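Understanding the architecture of this molecule
Next come the chains, spelled out residue by residue.
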Amino acid sequence: MIRIAVLLSGRGSNFAAIHEAIAARALDAEICAVVSNRDDAPGVSRARDWQYAAHVIDNRAFASRADHEAEVLRVLEAAKPDFIVLAGYMRLLSTRFVAAFPNRIINIHPSLLPSFPGVDAQKQAVEHGVKVSGCTVHFVDESLDAGPIIVQHAVEVRDDDTAESLSARILVEEHRAYVEALQILARGRYRFDGRRVIAS
Ligand code: GAR
């Protein structure tokens, strides 16, 4: 059983998928905190409905990025998570923040990294004309969308896809991939071989 803290900024469908997997006993985890930088994030309403400890820490209320992060860190340290799960958290994390939780921050990105890091990954994939895209669950290190990969799921890009239609099909795989990756962490049966994450 691992304790996870979920950080989100919006819809929270990945958070919902994780919640449902825990409820269905498909994931041996417990959500110990949900943190959002936006009070109006639908993910926050879901967290409250499901009676999780939901913390809104609005970055606009802080004088600097460092002050905002310090408050997020304070809340996370009190919640004592084993892993911090980024689920559509649209804030860049500083080196200091990442260093506070080495190999314990997990992110999902809607492309097959290292292709299409950054924003609008699905639009980038359609515009580039790739035939296959997908999603990546990875450990967060100090570089953007580049840490060691835990799970990837591929999704075909169709000739008539738009960024929206591709996003919808990738999202279905995101929900599966996130649960699969977290279950690898929950079992504790993985090791690092350089950049490679070897699950057994
Ligand atoms: C997901 O598609 C996730 O991959 C993406 O934000 C969306 C959040 O959806 N994250 C990134 O692009 C990170 N660079 P959700 O709020 O419904 O989980």
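Preceding this paragraph is the structure being described.
Residues numbered from 1 in each chain as written. Predicted model: local features only at pLDDT ≥ 70, side-chain atom pairs only at ≥ 80, totals over all residues. Heavy atoms only, no water.

The space that makes up the largest pocket amounts to roughly 940 Å³. Along its surface, the largest pocket is lined by 36 residues, and G88, Y89, M90, N107 and I108 are the ones closest to its centre. Only α1 (13-23), α4 (95-100), β5 (105-109), α5 (121-128) and α6 (163-187) provide two or more residues apiece to the lining of the largest pocket. Along the lines of polarity and charge, the residues of the lining of the largest pocket split into 14 nonpolar, 15 polar and seven charged. (1 Å grid on protein atoms, 1.4 Å probe; cavity = no way out; pocket = protein on both sides within 12 Å on 5 of 7 lines; lining within 4 Å. Points joined across faces, edges and corners; volume = space filled by probe spheres on them. Helix = DSSP H or I, 4+ residues; strand = E, 2+ residues; numbered from the N terminus. Nonpolar A, V, L, I, M, F, W, Y, C, P; charged D, E, K, R; others polar.)

The next subject is helix α2 (residues 42-49). For α2, the complete set of buried residues consists of G43, V44 and A47. Down the axis, α2 shows its buried residues gathered within 100 degrees of arc, on one side only. Buried residues in α2 make contact with β1 (2-8), α1, β2 (29-36) and β3 (54-56). Of the residues trailing α2, Q51 is marked for its positive phi of about 60 degrees. (Buried < 20%, exposed > 50% of the residue type's maximum accessible area, 1.4 Å probe, protein only. Arc of directions from axis to C-beta. Contact = heavy atoms within 4.5 Å.)

This brings us to the sheet that holds β2. Reading across from one edge, β3-β2-β1-β4-β5-β6-β7 is the order of the seven strands in this open sheet, with mixed pairing throughout. The two strands at the open ends of the sheet, each matched to only one other strand, are β3 and β7 (149-156). When the angles between neighbouring strand axes are averaged without regard to direction, this sheet yields 20 degrees. Examined bridge by bridge, β5 and strand β6 (residues 132-139) share four bridges and lie antiparallel to one another. (Pairing = 2+ DSSP bridges. Axes fitted to C-alpha atoms, helices over the stretch in contact; angles between N-to-C directions.)

Counted residue by residue, β6 has seven buried out of eight residues, so it is predominantly covered. Taken together, the seven bridges between β6 and β7 define a ladder with antiparallel strand orientation. Across the sheet, the residue bridging to C135 is H153, located in β7.

Next up on the list: the pattern of salt bridges. Under the definition given, this model contains eight salt bridges. Put simply, R60 and D58 hold a salt bridge, and the shortest N to O gap is 3.0 Å. Here R169 makes a salt bridge to D161, at a shortest N to O gap of 2.8 Å. (Salt bridge = Lys/Arg side-chain N within 4 Å of Asp/Glu carboxyl O.)

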